[in-house]
Amino acid sequence: MHKIDMDLVEMTLDVMKYAIDRISSSKIKIGKPKKAEELKALVGETITDKGVGGEYAFDLWKKYLSKTNVPVDHPRNLAFVPAAPTRAAVMFDLVTSASSIHGAYWMEGAGGIFCENEAMQWIVSLTGLPKGAFGVFTSGGTAANLSAMVTAREHWRENDIFKGEKGLIITSIGAHSSIKAMAKVIDVDVLLVDTEDVLHGAELKQTIQGLTDHERKRLFAVVATGGTTNAGIIDDLNTIGTICTQENLWFHVDAAYGGGALAANSVRHLFKGIEKADSITIDPHKWMFSPYDCGAVIYRNPELAKKAHSQEGSYLDIFKDEGAHGFNPTDYQIQLTRRVRGLPLWFSLAANGTDKYKEAIERGLELAQIAGRLIEENPIVELVREPSLSCVLYRRIGWEPEDYTHWTYKNHKKGFALVAPTKWRNGNTFETVSRFCFINPDTTEDDINAILKSME
């Protein structure tokens, strides 16, 4: 398996040709999923005692398996939060894997970690946090939120009166699902403010005032959102940050999706107050055009994260020895083993420049406004709310929930588009509506029109 021979050379050439074709292609198809039983019938047994051979396995991938995936960078993939990694970033993802760098400690990965830190410094500069703030790349928003909240809880428990208490955090019902998932992992309770729209400081203040004395004692953090996944809504970060300071609460901003918009001059003002945060989550694999998986967590005071996350073990002592001094990413988040997942982002930023990033992000914002205009001009659809960041919620007049589901599957089955329904609160009920999320600057007005026309 580890020797170099002619078969390896030929396999390498085949893989590189596949990568070149994929990276340089301007027309990619939306794959259609198949059931596991169908795939098994197509490819048969692939894991055997003697192996089926690289060429055969690769042919199975190209002929069958690759065609059942939905590329996140397809210009008509507007569901969930898609992605659009730059070609430079994808190319350097190959270099990252081929380089076999363990990105936990400077001693092993100095060059790669240096590059990650260069990219991180640019991201931190967008937030307006003071000098000394810094961050580290994680596997995604869930790991970033988890790392931030572990740091917050451990810092809170430095005070002996809180050591025996189960923590409590406040967020809104519009917050990402990972907030509740993260709370389960660290065994803290979540109090949800009953708004799917902007969380204002007044609502937060009222919620805090409504706590019992014991609940207030348990409260250690507030999680605001810098661009909700469902609708692109940005909470009132400025007043929330002020209240957190007054109440001595950790202020975390989950900007996993929306954080990329910090680079866009047209909407930067909407994030006023993010510079008050104690920690921030941003996902470069969303609106910063990096390949999956690449999240980031940023701390106002990284030393607090180091106290919470730094792992101890006799086999790790050498990494902290005098000869290994440098930035150790593992000290600032939950993972010990990690790849240098920020390396493709660094290469793309270095190759393209930050101005190109700003242009591409502004294009996503523009596409949302174009979609809003097209919806207003089309008599069969209407906006649920004004577009926010690059998210657009709209309804097909007269449709029931099952109509949206049928339409989504129909378009997906045809390989035409992937646009998924969501729910939006309408009074005391949740209404099924349709949703666009624009990330890919290659999406066109014609794409949007064609998707809307498919609702006729």
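Residues numbered from 1 in each chain as written. Predicted model: local features only at pLDDT ≥ 70, side-chain atom pairs only at ≥ 80, totals over all residues. Heavy atoms only, no water.

Draft legend 1. Molecular detail of the nonpolar core. Counting 71 residues, the largest nonpolar core has Ile-280, Trp-287 and Leu-389 as its most contacted members. Element by element, the count of residues in this core is highest for helix H5 (residues 106–127), at 8 residues. Those residues within four positions of Leu-389 in sequence are excluded, and the remaining contacts are Gly-227, Gly-232, Ile-234, Tyr-257, Gly-258, Ala-261, Val-267, Phe-271, Trp-287, Leu-365 and Ala-368. Judged by nonpolar contacts, the second largest core, of 23 residues, contains Ala-368, Ala-371, Ile-448 and Met-455. (Core = buried A, V, L, I, M, F, W, Y, C linked by side-chain atoms within 4.5 Å. Buried < 20%, exposed > 50% of the residue type's maximum accessible area, 1.4 Å probe, protein only. Helix = DSSP H or I, 4+ residues; strand = E, 2+ residues; numbered from the N terminus. Contact = heavy atoms within 4.5 Å.)

Draft legend 2. Representation of the sheet that holds strand S4 (residues 219–225) in the model. Pairing in this open sheet of 7 strands is mixed, and the strands run S1-S7-S6-S5-S4-S2-S3 from one edge to the other. Every interior strand has two partners, whereas the edge strands, strand S1 (134–138) and strand S3 (189–193), have only one. Looking at each pair of strands side by side, their axes are set apart by 20 degrees on average, direction ignored. Relative to strand S7 (residues 295–299), strand S6 (residues 279–282) runs antiparallel, the two sharing 4 bridges. Note on S7: the bridge partner recorded for Ser-279 is Tyr-299. Strands in contact with H5 are S1, S6 and S7; relative to S1, the strand with the most contacts, it is inclined by about 120 degrees. (Pairing = 2+ DSSP bridges. Axes fitted to C-alpha atoms, helices over the stretch in contact; angles between N-to-C directions.)

Draft legend 3. Structural detail: unusual backbone geometry. Residue Asp-293 is reached from Tyr-292 by a cis peptide bond, and omega for that bond is -5 degrees. In this structure, Phe-80 takes a positive phi of about 55 degrees despite not being glycine. Counting through the fold element by element, Phe-80 comes out in the loop between helix H3 (54–63) and helix H4 (87–99). Note on Phe-80: relative accessible area 56%, which makes it exposed. Despite not being glycine, Ser-100 shows a phi value in the positive range, around 50 degrees.

Draft legend 4. Geometry of the pairing of strand S9 (residues 391–396). Of all 6 residues in S9, 6 are buried; the element is thus mostly enclosed. Covered by surrounding structure in S9 are Cys-391, Leu-393 and Arg-395 together with Val-392, Tyr-394 and Arg-396, the residues of both alternating faces. Inspection of the sheet shows strand S8 (residues 381–383) paired to S9 by 3 bridges, in the antiparallel sense. Within S9, the position partnered with Leu-383 by the bridge is Tyr-394.

Draft legend 5. Representation of the pairing of strand S10 (residues 421–426). With 6 bridges connecting them, S10 and strand S11 (residues 429–437) associate as antiparallel partners. Bridge pairing in S11 places Trp-424 opposite Glu-431. Remark: 2 residues form the turn of the hairpin made by S10 and S11, two consecutive strands paired antiparallel; Gly-427 in that turn has positive phi of roughly 70 degrees.

Draft legend 6. Molecular detail of the packing of helix H8 (residues 201–209) against helix H10 (residues 237–247). In the contact formed by H8 and H10, the axes pass within 8 Å of each other and the chain directions differ by 30 degrees. Considering their axes alone, H8 and H10 lie roughly parallel with respect to each other. Handedness of the crossing formed by H8 with H10: right-handed. For the pair formed by H8 and H10, the contact residues are Gly-201, Leu-204, Lys-205 and Ile-208 on the first element and Thr-239, Ile-240, Ile-243, Gln-246 and Glu-247 on the second. (Parallel < 35°, antiparallel > 145°, perpendicular 65-115°, else oblique. Left-handed = near helix turned anticlockwise from the far one by under 90°.)

Draft legend 7. Geometry of the pattern of salt bridges. Inspection of the entire model under this criterion finds 26 salt bridges. Across the salt bridge formed by Lys-40 and Glu-45, the nearest N and O atoms sit 3.4 Å from each other. By relative accessible area, which is 43% here, Lys-40 ends up partly exposed. The residue Arg-425 makes a salt bridge to Asp-194 at a minimum N-O spacing of 2.3 Å. Pair noted here: Arg-425 is in strand S10 and Asp-194 is in the loop between S3 and H8, with a separation of 231 residues, a long-range link. A relative accessible area of 25% places Arg-425 in the partly exposed class. By sharing partners, the salt bridges in this structure join Lys-166, Asp-187, Asp-189 and Arg-218 into a single network. (Salt bridge = Lys/Arg side-chain N within 4 Å of Asp/Glu carboxyl O.)

Draft legend 8. A look at a positive patch on the surface. A contiguous patch of positive charge, built from Lys-29, Lys-32, Lys-34, Lys-63, Lys-67 and Lys-413, is present on the exposed surface. As for its placement among the helices and strands, Lys-32 is situated in the loop between helix H1 (6–24) and helix H2 (36–43). Lys-32 gets classed as partly exposed once you look at its relative accessible area, which sits at 41%. (Patch = residues over 30% accessible without salt bridge, like charges linked within 9 Å, V, L, I, M, F, W, Y side chains within 5 Å. Areas by Shrake-Rupley, 256 points an atom, 1.4 Å probe, with all protein chains shown as cover. Lys, Arg positive; Asp, Glu negative; His and termini not counted. Charge placed at Lys NZ, Arg CZ, Asp CG, Glu CD.)

Draft legend 9. Examining H10 more closely. Residues Leu-237, Ile-240, Gly-241, Ile-243 and Cys-244 constitute the buried set of H10. Here the buried residues of H10 occupy an arc of 160 degrees about the axis, which is enough to place them on one side. In H10, the exposed positions angled more than 90 degrees off the buried face are occupied by Thr-245 and Gln-246. The inward-facing, buried residues of H10 abut H8, S4 and strand S5 (250–254). At the exit of H10 stands Asn-248, carrying a positive phi of roughly 60 degrees. (Arc of directions from axis to C-beta.)

Draft legend 10. Looking closely at the side chain of Ser-388. Structurally, Ser-388 is set in the loop between S8 and S9. On the accessibility criterion, Ser-388 (16% relative accessible area) is buried. Residue contacts for Ser-388: discarding those within four places in its chain leaves Ala-231, Gly-232, Ile-233 and Tyr-257.

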